[in-house]
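Breakdown of the fold
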Amino acid sequence: MNRKYRKTIIAGNWKMNKTASETVAFANEIKPLLPKTRACEAVLCVPALNITTAQKALKGCRISVGAQTLHYEKSGAFTGEISADMLDDLGVKYVIIGHSERREYYGETDATVNRKVLAALAAGLTPIVCVGESLDQRMLGVEKELLAYQLMTAISGVSAEDMKRIVIAYEPVWAIGTGKTATSEQAQEVCEHIRACIRKKYDARIARGVSILYGGSMNVKNAAELLKMPDIDGGLIGGASLKPADFAQLIEISAQVENE
Ligand code: PGA
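Residues numbered from 1 in each chain as written. Predicted model: local features only at pLDDT ≥ 70, side-chain atom pairs only at ≥ 80, totals over all residues. Heavy atoms only, no water.

Look at helix H7 (residues 143-154) against helix H9 (residues 184-201): their axes get within 10 Å of each other, and the N-to-C directions meet at 45°. What the angle tells us is that H7 and H9 run oblique. Crossing angle aside, the handedness with which H7 passes H9 is right-handed. When H7 is examined against H9, the residues Lys144, Leu147, Ala148, Leu151 and Met152 are found in contact with a partner set consisting of Glu189, Val190, His193, Ile194, Cys197, Ile198 and Lys201. Split by residue class, the contact of H7 with H9 holds eight nonpolar, one polar and three charged. (Axes fitted to C-alpha atoms, helices over the stretch in contact; angles between N-to-C directions. Helix = DSSP H or I, 4+ residues; strand = E, 2+ residues; numbered from the N terminus. Parallel < 35°, antiparallel > 145°, perpendicular 65-115°, else oblique. Left-handed = near helix turned anticlockwise from the far one by under 90°. Contact = heavy atoms within 4.5 Å. Nonpolar A, V, L, I, M, F, W, Y, C, P; charged D, E, K, R; others polar.)

Below is the structure:
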């Protein structure tokens, strides 16, 4: 992480976990465990149905509540979907876009990810754009080309001004929920490459200001090592974000690394 130029973000992705009552229980449990001073930007992306409950339950404890996806149209006949304006109206800031589970199970493509990114920006939201290679792609050694393509498609049509509001999450698909973490060197190499791609499209000033997160089995044991890497500015955390003690500790670890 490089605190001088960019925000450190610890973002939890709850996926399809926790009912409203469980969300309240989580909030009550985590509150006394959180660092007293502002440590980093902490976000929990909860199921859309529980956003309001989570906001109320986490009030006053410096964790903002985000969403896990949105639709790219402003409104209309899209049963079951949620628009950027709906999220904005609830006071949501962060929204995950293009998570590999959305790409795998719900047919999201690089093109729809791009439309969603543009819709989120237009509504004033901050997209957390996920990119990542599969195990096969890594075995073939094409991950850098693939990530450059995923990224460039996702941010196609994004102005330099708007790029400052985007967060990128590098999530190797083979590391998500598998307990297999990329080594800090592997993750750093890719995050550095992502930053270089942003530099090439925009300029050095924009690139150094973009927070790039690592995601994929990040936990209290491996977080410090990953966060010490110069181009890793935080984490997108699934499993470990469901446990109040672990999520609080991840926030604490990021503060410790920042202060080193
Ligand atoms: P994980 O999930 O931490 O459980 O691997 C990360 C993610 O999918 O964002």
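Let us now look at the sheet that holds strand E6 (residues 167-170). In spatial order, the strands read E3-E2-E1-E8-E7-E6-E5-E4; together these eight strands make up an open sheet with parallel pairing. Edge positions in the sheet fall to strand E3 (63-66) and strand E4 (94-97), since each has one partner strand and no second. Between one strand axis and the next, the sheet turns through 25° on average, direction left out of account. One ladder, built from four bridges, connects E4 with strand E5 (residues 126-131); its direction is parallel. Bridging across to E5, valine 95 finds its partner in proline 127. Packing against the sheet, helix H12 (residues 244-259) makes contact with strand E1 (9-13), strand E2 (41-45), E3 and strand E8 (234-237), and its axis sits at approximately 160° to E1. (Pairing = 2+ DSSP bridges.)

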